[in-house]
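What follows is each chain in one-letter form.
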Amino acid sequence: MRLFSALLTAAALALPGLAQAQSVLFKNFSEVQVTGAVTAEASVNSHALIIFNSDYDHPGISDLPVTANDAQAVRRLFVGMGYPPGNITMVDNAPKDDLKRAVFDFTARLTDDSSVVVYYSGHGISFAGDARNYIVPVDLDPQVQGGARSLRERIFKDRAVNFNDDVLGTIKLAGPKGVVVFYDACRNSPIATDDATKAVGAEASFVPAKIQGTAMFYSARAGQTSLAALDSENDANLSVYTRVLVTKLAANPTMRLSDLHAVVQSDVSRLAREKAGGHRQHPVFEDELDYSRSDHNEFCLATVTVNGVARCTGRDEILTPGGGQVQQAAVGGSTTSTAPATPGVTAGGKADTERLYWESVKDSEDPREVQSYLDLYPQGFFAPIARLRVDKLMAALQAEEDRKAEHQATVAAEAAFWNSVKDMDDPEMIRLYIEQYPEGQFRPLAEARIAQIQNAAVNSRQAQAAQMYAQAQAADTQQAYQGYLNLYPAGEHASAVRAHLSRMQSLYQPSWCRGGASLNPTERAICDNYELGRLDQQLNEVFVTARAQNRTNNADQSSWRTGVRDACGLNPSCVGQVTAQRIAQLRGAAYSPARPSAPQSRYAACPAPTGTWQVQNVSTGDWLNIRAAAGSSSKAVGALAFNDTGVTVHGCQGNGWCRVSLGCASGWAFGKYLGEGRTVQNATHTGLYRVVDHPMDQLLNVRTGPGTEFPIVGELAPDATNIQVGDCQRVKGWKMRWCSVRHASGTIGWAYGQYLANQWGQKPS
């Protein structure tokens, strides 16, 4: 590409003869020879970067031996077009770091007067929603294991070379006049294949995107693949696209880029269709060059000087060294026609000088160049149209400035949006950014953040599942194990839980469970719950002993089953409770004397725990003190369990202390350990209990806190059942634990665990 001055003073080439169009495609790079006219000294600032990857390290990426020949052919072409050999850089089979370093070294030699051609041949990849192209370096490892799809794509991008940023972005730092790219990577995702084309997968490998300040030539459209060879020409050692490209440029090296694309696309498409079994390959051209930086508002890879003026040529102008006129190439076998040489170059004549100057600036997109004509010829022949041209260009510049200002505002709005959501833990909020800015500059960060949040959620769920499994093991109840399965049916420990339940069921399921259809609801409940089966075995053992001691009989036991146990129906809690009571009864006398009525409690029922607050941030081995006044030095007058709910908060002071009440206990608690909610947290000893081993003529005291130093606020009958225990804590100086209790009688507080037992007779030791 030549970006030439308005009036080039280099000597003109003589161009008398008509050049014949190259009709036979080159087959080997050694055949490439430039025959068209070109002014070599005008290419002193032309630079070429040739990158090819033919030999990949990983066996999962197929090699592309033809790319090495393609690169050599292109190099011979540029040398023949007058590019100084020192301006041509060949990067072959370079690992990622070496490739990027070579681009840096190449860019360091450029100036703002340089024009650049980049040629790449090798594997390429692209990603959905990403307009950038990625080069596959020879050391890329295509194996990416596990993780979210967006995370895997992020890893793959990191291993590849970002062509838009790492190659073009680096080159443009030097500010060259223009960059032309031949991107022959129209292949697919790097998965090995024996396809005759250069495709290697099923996903599109490149994005035919527009890139500002760059002319992009793609060897095929998106979704198509670039042929490595034609079916009928096995002796050709160049890919089809490169064969056509170098053949056309060798004959007409100064062809305009738009014309170059037209002839290359036409021949490549025709050859693929006719000589490769109907294969579809349509090259693509995306032109985003800044034509205001070219001297004659046209671009080509090299120029020819005709009658003292540097110029590009059209697709049908094939010039050869010789005489003094420009000749048109024959089209479709037609005879040759002769066109007049560029006018306005004869010696002398003010009109010719003015006209020549006007011709040099009239098509410029820079209003300063058109204004320069008016400065020299304010009353010139072309002055009226020049003024109109300046006004039009100035309006266009203002529109461009407005567009840039709007773009900057959009960029600022995007950055503000991203900053507002980037630290959130909700992936949906991050996705809102991607939906709003699908091509946004922060999209890679957004995708990585979503993957991070999703992975953290997976890890958190796994940790919660592990904790629940440990709690189930500690409780060793069917309810706890079944609760784990309900939440995590496919969890890490699901198989072990099912195996444990099956094993316990086989150990404790009564033999009469095999009766099946004849079972009543209570019997089915026992058969389905190994804990009830274990209790039933204990009951049978105690019954046999009591019967041997003549303290009961079969009729008595049968009466109990039908009148008491079976009344529970399918309620496993009820069945467990009455069975445990029956075991305790049979361990004593079969028919004990009528027990005296238990004394009545002296205390009124406590207010129901209907508050909307709960205890939080308290260790499971501790409780929250209720104090007589707002301060840690004030006397403790009660206590809240770490998992207490239903707490009422009557107000808080600025020092963080809050007036609270729960049941009959009231006072002050530090607000840090209180939060709104009614989330139930089970502790090790959570469950239904009954009063045991307590004198039958006395009531069990219930206090506002765990210890006898706290006041009594209620009493439980010596045979009270269905006592809801929330938590039990060890207290210094006491052998057994103190437990937070709630009872339907309205009794709420703390009771000593020596006199409490669950349905299996276990005390909270």
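See the structure printed just above.
Small disclaimer: the values here were computed from a predicted structure and weren't measured.

Engineer: Give a detailed account of the sheet that holds strand β4 (residues 124–125), specifying residues and quantitative values.
Structural biologist: Backbone-to-backbone hydrogen bonds join strands into a sheet, with any given pair of strands oriented parallel or antiparallel. The antiparallel open sheet is built from three strands, whose spatial order is β4-β5-β6. The open sheet terminates on both sides in strands that have one partner only, identified here as β4 and β6 (161–162).

Engineer: Could you give an account of unusual backbone geometry, with specific residues and numbers?
Structural biologist: Residues other than glycine seldom take positive phi values, yet Asn93 does so here, at roughly 50°. Structurally, Asn93 can be placed in the loop between β2 (88–92) and α2 (96–108). In the Ramachandran plot, Asn722 falls in the positive-phi region, its phi being about 55° despite a non-glycine side chain. By secondary structure assignment, the location of Asn722 is in the loop between β21 (712–716) and β22 (723–729).

Engineer: Give a description of the environment of Asp528 that names residues and reports values.
Structural biologist: Structurally, Asp528 can be placed in helix α14 (residues 521–528). For Asp528, a relative accessible area of 54% puts it in the exposed group. Along the backbone, Asp528 and Cys513 are 15 residues apart, and their C-alpha atoms lie at a distance of 9.1 Å. Contact partners of Asp528, with chain neighbours within four places excluded, come to Gln478 and Gln505.

Engineer: Explain the sheet that holds β2 residue by residue, including any values.
Structural biologist: Judged by pairing direction, the sheet is mixed, and its six strands sit side by side in the order β2-β1-β3-β7-β8-β9 without closing on themselves. Single-partner strands in this sheet number two, and they are β2 and β9 (284–287). Averaged over neighbouring strand pairs, the angle between their axes works out to 10° when direction is ignored. Two elements, strand β8 (residues 214–218) and β9, share four bridges in a ladder whose sense is antiparallel. Counted as the bridge partner of Tyr218 is Val284 from β9. Relative to the sheet, helix α5 (residues 240–251) contacts β3 (115–121), β7 (178–184) and β8, its axis offset from that of β7 by approximately 140°.

Engineer: Tell me about the side chain of Asn252, residues and numbers included.
Structural biologist: You can see Asn252 is positioned in the loop between α5 and α6 (257–275). A polar contact of 2.8 Å, which involves the side chain of Asn252, links it to the side chain of Thr313. Here Asn252 is in contact with Thr313, Gly314, Arg315, Glu317 and Ile318, once residues within four sequence places are set aside.

Engineer: I'd like a rundown of the state of the cysteines, residues and numbers included.
Structural biologist: Counted by the stated rule, this structure contains six disulfides. A sulfur-sulfur distance of 1.9 Å marks the disulfide that ties Cys513 to Cys527. Negative torsions about the S-S bond denote left-handed disulfides, and the value of about -95° found for Cys513 with Cys527 makes this one left-handed. Residue Cys513 is located in the loop between α13 (494–508) and α14, and its partner Cys527 is located in helix α14; the two are separated by 14 residues in the primary sequence.

Cut-offs and rules
Residues numbered from 1 in each chain as written. Predicted model: local features only at pLDDT ≥ 70, side-chain atom pairs only at ≥ 80, totals over all residues. Heavy atoms only, no water. Pairing = 2+ DSSP bridges. Helix = DSSP H or I, 4+ residues; strand = E, 2+ residues; numbered from the N terminus. Buried < 20%, exposed > 50% of the residue type's maximum accessible area, 1.4 Å probe, protein only. Contact = heavy atoms within 4.5 Å. Axes fitted to C-alpha atoms, helices over the stretch in contact; angles between N-to-C directions. Polar contact = N/O pair within 3.5 Å; in protein donor to acceptor, adjacent residues only side chain to side chain. Disulfide = S-S within 2.5 Å.

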